[in-house]
Amino acid sequence: MAVVDELVALQAESLAAIEAASDTAALEQVRVSVLGKQGSLTGYLRGMGQVPKEQRAEVGKTLNVVRNAVEGALEAKKADLSRAELEAKMEAGAVDITLPGRAQQVGTRHLISRITDEIAEIFMGIGYSVASGTEVESDYYNFEALNTPADHPARGMQDTFYVVDRSGDTAAVRGESDVLLRTQTSGVQAHVMEQQKPPIYIIAPGKVYRRDVADPSHLPQFNQIEGLVVDKGITFGDLKGTIDYFCKQMFGEDRKTRLRPHYFPFTEPSAEADVSCGICHGEGCRFCKGTGWVEVLGCGMVDPNVFGYADIDPEVYSGFAFGMGVERIACLKYNVPDLRMLLEGDMRFLRQF
């Protein structure tokens, strides 16, 4: 019987094509070509009405056998191919658990904030408290109450950021006014001396602003910490001992300190404090310009005139004050040659600390 022979031949061809399929996409093409709407086996099923009646039973039986065989072979082959493709995909995406893990980078506080806290902890450990003030200050507390004369260069608009004074009926918009961005946190000391009776042991950290061009040793905005002591019997020896203690705590017990005469309007006598160079250990190098010393801070005994503004009797009380830049302390502690490196946000640099 010709039709039955054709169906047997189609079964053999289909099973061979199924076995030869290399992936599920090729297997799907075989399925469509045999069992799809236009498939070869589907064509025989649709043509059953044209088969003579005496042959329909045998042809129909053969069709069912062929269809079942093809469908079974398709399912078995699809399972094998799907399993193989999944294993290949898993192998390609496998993670080598012997490699070190890639941990998420954990953020840390900025070096400037850390040094500020470290300085505060050193002084709080010897009985100081932390005082704060506003960054917009009046001329009186920033200059006048600190014994700064009216003709002092720091009071000029070339050195200080003055802002519009809107406290009165008219606004000072040109040149100097009575309102400014503080150039030092010393104004906090003036406020504290007005509000608190001695003894006073405080430090005043915060941002300050000056009309400086950014370079390796200057910034137009930086962080400063001022210190003030007012009590009975305070001497220059107390100031020297405090500065020496701070430098050893911050830079190391092996570091030496010295004081050089200087001038500040609000202290008398005044001095610049130096610490021995941490790179050459006092022998002289490029970092310390061959001197063996690097400048750390300014300090001095509080001028009696400053006590007068706060109504503190200089015959009864004496005191000392000091001020340091946090960025400068950070650079000296870690031998960083340029202050600007602290503010550029280069994580390769900042992650070292």
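Reading the values: the criteria
- Once a new chain begins, its residue numbering starts again from 1 and follows that chain's sequence as written.
- Side-chain atom pairs in this predicted model are given and counted only at pLDDT of 80 or more, local residue features only at pLDDT of at least 70, and totals for whole chains, interfaces and linings cover all residues.
- Hydrogens and water are ignored here; the side-chain numbers use all heavy atoms of the structure.
- Each helix is a run of H or I in the DSSP string that is no shorter than four residues. Each strand is a run of E no shorter than two, and both are numbered from the N terminus.
- The quantity called the radius of gyration is restricted to C-alpha atoms. Its globule counterpart is 2.2 Å times the number of residues to the power 0.38.
- Exposure categories follow from relative accessible area, calculated using a 1.4 Å probe and restricted to protein chains: below 20% of the type maximum is buried, above 50% is exposed, and the middle band is partly exposed.
- Between two residues, a contact is recorded if the distance between any of their heavy atoms is within 4.5 Å.
- Calculation of accessible area relied on Shrake-Rupley with a 1.4 Å probe; when residues are assessed, cover is drawn exclusively from the protein chains displayed.
- The charge count includes Lys and Arg as positive and Asp and Glu as negative, but it does not include His or the ends of the chains.
- Taken as the charge centre is NZ of Lys, CZ of Arg, CG of Asp or CD of Glu, depending on the residue.
- Strand pairing requires that DSSP identify at least two bridges connecting the strands.
- Definition used in this section: a nonpolar core is a set of buried Ala, Val, Leu, Ile, Met, Phe, Trp, Tyr and Cys residues joined via side-chain atoms within 4.5 Å.
- Pairing of aromatic rings covers Phe, Tyr and Trp, the last counted by its six-membered ring, and requires centre-to-centre distances within 6.5 Å; plane angles under 30 degrees mean stacked, over 60 mean edge-to-face, and any other angle means tilted.
- Ring-over charges, as used throughout, are those where CZ of Arg or NZ of Lys falls within 6 Å of the ring centre and within 35 degrees of the ring normal.
- Here, expected helix span is obtained from the residue count minus one, scaled by 1.5 Å.
- Between the N-to-C directions of two axes lies an angle of 0 to 180 degrees, each axis being a line fitted to C-alpha atoms and, for a helix, fitted only over the stretch in contact.

Novice: Just checking my understanding: could you explain the overall build of the chain for this structure?
Specialist: Per the secondary structure count, the chain includes 11 helices and 9 strands. On C-alpha atoms alone, the chain measures out to a radius of gyration of 43 Å, which is more than a quarter above the 20 Å that the 2.2 N^0.38 rule sets for 353 residues. Referenced to the eigenvectors of the C-alpha coordinate spread, the extents of the chain come out at roughly 135 × 60 × 35 Å. Within the chain, the proportion of its 353 residues that are buried is 40%. Within the chain, residue pairs in contact and separated by at least 24 positions form 64% of the contacts whose partners lie at least 6 positions apart. Summing over all exposed atoms, the chain offers an accessible surface of approximately 20,100 Å²; the carbon and sulfur share of this is 52%. Computing the positive centroid from 36 side-chain charges and the negative centroid from 50, the chain places the two 7 Å apart.

Novice: Please explain the pairing of strand β8 (residues 293–302) as it appears in this structure.
Specialist: Walk down a regular strand and you will see the side chains alternate between the two sheet faces. Of all 10 residues making up β8, 8 are buried, and the element is well covered by its neighbours. Bridge analysis of strand β7 (residues 267–276) against β8 gives 8 bridges, and the strand direction is antiparallel. Bridge pairing in β8 places A271 opposite C299. Both β8 and strand β9 (residues 318–325) contribute to a ladder of 4 bridges, which runs antiparallel. Among the inter-strand pairings, G300 is bridged to a residue of β9, identified as A321.

Novice: Where do I start with the pairing of strand β6 (residues 257–264) in this structure?
Specialist: By the bridge criterion, 7 bridges tie β6 to β7 in an arrangement that is antiparallel. The residue bridging L259 from the neighbouring strand is A273, located in β7. Hairpin connection between β6 and β7: a loop of 2 residues separates the two successive antiparallel strands.

Novice: Help me understand the nonpolar core in this model?
Specialist: Looking at soluble globular proteins, one finds that nonpolar side chains tend to be buried together. Ranked by size, the top nonpolar core spans 47 residues in total, and within it I119, F246, L297, F322, M324 and I329 carry the most contacts. For this core, the leading source of residues is helix α5 (residues 111–124), giving 7 residues. In this structure, F246 is in contact with I119, I122, F123, V296, L297, M324 and I329, ignoring residues within four places of it in sequence. Grouped together as the second largest cluster of nonpolar side chains are 22 residues, A145, V188, A190 and F266 included.

Novice: Would you explain the packing of aromatic side chains in this entry?
Specialist: Remark: the centre distance and the inter-plane angle together describe each pair of aromatic rings, the angle taken between the planes. Applying the stated criterion across every chain yields a total of 10 aromatic pairs. An angle of 65° between the planes, with centres 5.2 Å apart, marks the rings of F123 and Y128 as edge-to-face. The two residues F123 and Y128 agree in class, both being buried. Through pairs of rings, three or more aromatic residues link up here, namely F123, Y128, Y201, F246, F320 and F322. When the ring centre of Y334 is taken as reference, the NZ or CZ atom of K333 above it lies at 5.9 Å.

Novice: Can you walk me through helix α7 (residues 186–195) in this structure?
Specialist: Every α-helix winds through 3.6 residues per turn, so residues three or four apart in the chain are directed the same way. With respect to burial, α7 is a largely interior element, 7 of its 10 residues being buried. Of the residues making up α7, those classed as buried are S186, G187, V188, Q189, A190, V192 and M193. Against the buried residues of α7 lie α6 (139–142), β4 (200–209), β5 (221–231), α9 (304–309) and β9.

Novice: What is the right way to look at α5 in this model?
Specialist: The end-to-end C-alpha distance of α5 is 20 Å, a good match for the 20 Å that 14 residues give at a rise of 1.5 Å each. Restricting attention to buried positions, one finds in α5 the residues L111, I112, I115, T116, I119, A120, I122 and F123. Those residues of α5 hidden inside the fold are in contact with β1 (129–130), β4, β5, α8 (236–251), β9 and α10 (326–334).

Novice: For this particular structure, what's the right way to read the sheet that holds β5?
Specialist: The 7 strands lie next to each other as β1-β4-β5-β9-β8-β7-β6, forming an open sheet whose pairing is mixed. The open sheet is flanked by β1 and β6, the only strands paired with a single partner. Where β4 meets β5, 10 bridges bridge the pair, whose relative direction is antiparallel. By the bridge assignment for β5, Y201 is matched with V229. Contacts from α7 reach β4, β5 and β9 within the one sheet, and its direction differs from that of β5 by about 35°.

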